[in-house]
Amino acid sequence: GEKAERVFEMRTYYAPEGRLDDLHARFRNHTVKLFEKHGMTNIGYWTPIDNKENKLVYILAYPSREAAKKSWAAFGADPAWLAVRKEAEAKGPIVAKHESLYLKATDYSPEPKPAATGERIFELRTYTATPKNLDNLNARFRNHTVKLFEKHGMTNIGYWVPLKGEKGADDVLVYFLAHKSVDAAKQSFGAFRDDPAWKAALKASEEKAGGPLTMPKIGVKSVMMKATDYSPIR
């Protein structure tokens, strides 16, 4: 049969007030190793720079969706994990709620590589395409945008779309960029938007689609983030 597609999962955890450090400690000292033990690949761990919701965002990779299920079942039943969880939650839960989104890499996404390059910041961008325009949006990234990002000093980390059956499967694109700093990000995006090559690509793509490729107002979301000290990518 056809080789099963590698699958990614983006998980977002919200820690109760005052418990984010405990959550980091559990990941740093135990969880990341236990994930690896059960066949999951740690890609990256991040927290928003402006983190009012005590959020931790991370991405794991698996050989397939089926493998992900098996890994989580084995992880959840591991006595080492159960002991760690019990100890960490002695003073109450350290995760108030969590979200999960299964993803696959786009055909133009770089392979996210573990690389610690010092003090850089990351940007999580979520695009919601206008109806039936996700393919057009991906085409614009594939043919123009990713190269123009690099040209203007941004680093492409990874590009993903939700798996079939997941929320946003028909219209969402999720990607990560890295920048030298928040100011550098602003400058890069300013230069990118003023670039005649971008303006031409934008105009051509919108003419072809008969309008914008992203939803008005809600179509582009950006969160500036820092990698945690235990993140493979930082």
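Structure report, in brief. (Residues numbered from 1 in each chain as written. Predicted model: local features only at pLDDT ≥ 70, side-chain atom pairs only at ≥ 80, totals over all residues. Heavy atoms only, no water.)

A separate point is the overall build of the chain. Across its full length, the chain holds six helices and eight strands. Each helix (α) and strand (β) of the chain, taken in turn from the N terminus, gives the series β-α-β-β-α-α-β-β-α-β-β-α-α-β. For the chain, whose C-alpha radius of gyration is 19 Å, the value lies close to the compact-globule estimate of 17 Å for 234 residues. Along the three orthogonal principal directions, the C-alpha set of the chain runs to about 60 × 45 × 30 Å. Across the 234 residues of the chain, 50% fall into the buried class. In the chain, the share of contacts with a sequence separation of at least 24, taken over all contacts with a separation of at least 6, comes to 79%. Surface summary for the chain: the accessible area is close to 12300 Å², and the carbon and sulfur share equals 55%. (Helix = DSSP H or I, 4+ residues; strand = E, 2+ residues; numbered from the N terminus. Rg over C-alpha atoms; globule rule 2.2 N^0.38 Å. Buried < 20%, exposed > 50% of the residue type's maximum accessible area, 1.4 Å probe, protein only. Contact = heavy atoms within 4.5 Å. Areas by Shrake-Rupley, 256 points an atom, 1.4 Å probe, with all protein chains shown as cover.)

With that out of the way, let us pick up the nonpolar core. Ranked by internal contacts, the top residues of the largest apolar core, which has 25 residues, are Phe 27, Phe 35, Tyr 45, Tyr 58 and Trp 72. Looking at this core, the elements that each hand over two or more residues are strand 1 (7–14), helix 1 (20–37), strand 3 (55–62), helix 2 (65–77) and helix 3 (79–88). A total of six residues in this core trace back to one element, the largest contributor, which is helix 1. Not counting chain neighbours up to four residues away, the residues in contact with Trp 72 comprise Glu 9, Arg 11, Tyr 13, Phe 35, Met 40, Tyr 58, Leu 60, Tyr 62 and Tyr 102. (Core = buried A, V, L, I, M, F, W, Y, C linked by side-chain atoms within 4.5 Å.)

On to the side chain of Glu 166. Considering the arrangement of structural elements, one finds Glu 166 in the loop between strand 6 (155–162) and strand 7 (172–179). Relative accessible area serves as the criterion here: at 17%, Glu 166 is assigned to the buried category. Beyond its immediate stretch of four places on either side in the chain, Glu 166 contacts Arg 65, Ser 100, Leu 101 and Tyr 102.

Quick look at the pairing of strand 2 (residues 41–48) now. Remember that side chains alternate between the two faces of the sheet whenever the strand is regular. Counting buried positions along strand 2 gives seven out of eight residues, so the element sits mostly inside the fold. Note that strand 2 and strand 3 share five bridges and pair antiparallel. Its bridge partner lying in strand 3, Gly 44 is registered against Ile 59. In textbook terms, the turn of a hairpin is the stretch between consecutive antiparallel strands, and for strand 2 and strand 3 this stretch comprises six residues, one of which, Asn 54, has a positive phi near 50 degrees. Alignment of strand 2 against strand 8 (residues 220–227), held across three bridges, turns out to be antiparallel. When the bridges of strand 8 are listed, Thr 47 appears paired with Lys 226. (Pairing = 2+ DSSP bridges.)

Time to look at the sheet that holds strand 3. An order of 1-3-2-8-5-7-6-4 is seen for the eight strands of this closed barrel, with the pairing classed as antiparallel. Across the sheet, the axes of successive neighbouring strands diverge by a mean angle of 35 degrees, strand direction being ignored. Looking at chain direction, strand 5 (residues 121–128) and strand 8 are connected through six bridges and run antiparallel. Opposite Thr 126, over in strand 8, you have Lys 221 as the bridge partner. (Axes fitted to C-alpha atoms, helices over the stretch in contact; angles between N-to-C directions.)

Glancing now at the environment of Asp 107. Mapped onto the fold, Asp 107 is located in the loop between strand 4 (97–105) and strand 5. The spacing of Asp 107 and Gly 168 is 61 residues in sequence and 18 Å in space, taken between C-alpha atoms. For Asp 107, the side chain forms a polar contact with the side chain of Arg 142, separated by 3.0 Å. (Polar contact = N/O pair within 3.5 Å; in protein donor to acceptor, adjacent residues only side chain to side chain.)

With that settled, consider the packing of aromatic side chains. Centre distance and the angle of the planes are the two values used to describe a pair of aromatic rings. Enumeration over the complete set of coordinates arrives at 30 aromatic pairs. Residues Phe 35 and Phe 75 carry aromatic rings whose centres are separated by 5.0 Å and whose planes lie at 50 degrees to one another, so their mutual orientation is tilted. Here Phe 35, found in helix 1, pairs with Phe 75, found in helix 2; they are 40 residues apart in sequence, far enough to count as distant. For the pair formed by Phe 35 and Phe 75, the shared burial category is buried. Positioned over the ring face of Tyr 102 is Arg 65, at 3.8 Å from the centre of the ring. When the ring centre of Tyr 14 is taken as reference, the NZ or CZ atom of Lys 97 above it lies at 4.4 Å. (Phe/Tyr/Trp six-rings, centres within 6.5 Å; stacked < 30°, edge-to-face > 60°. Lys NZ or Arg CZ within 6 Å of the ring centre and 35° of its normal.)

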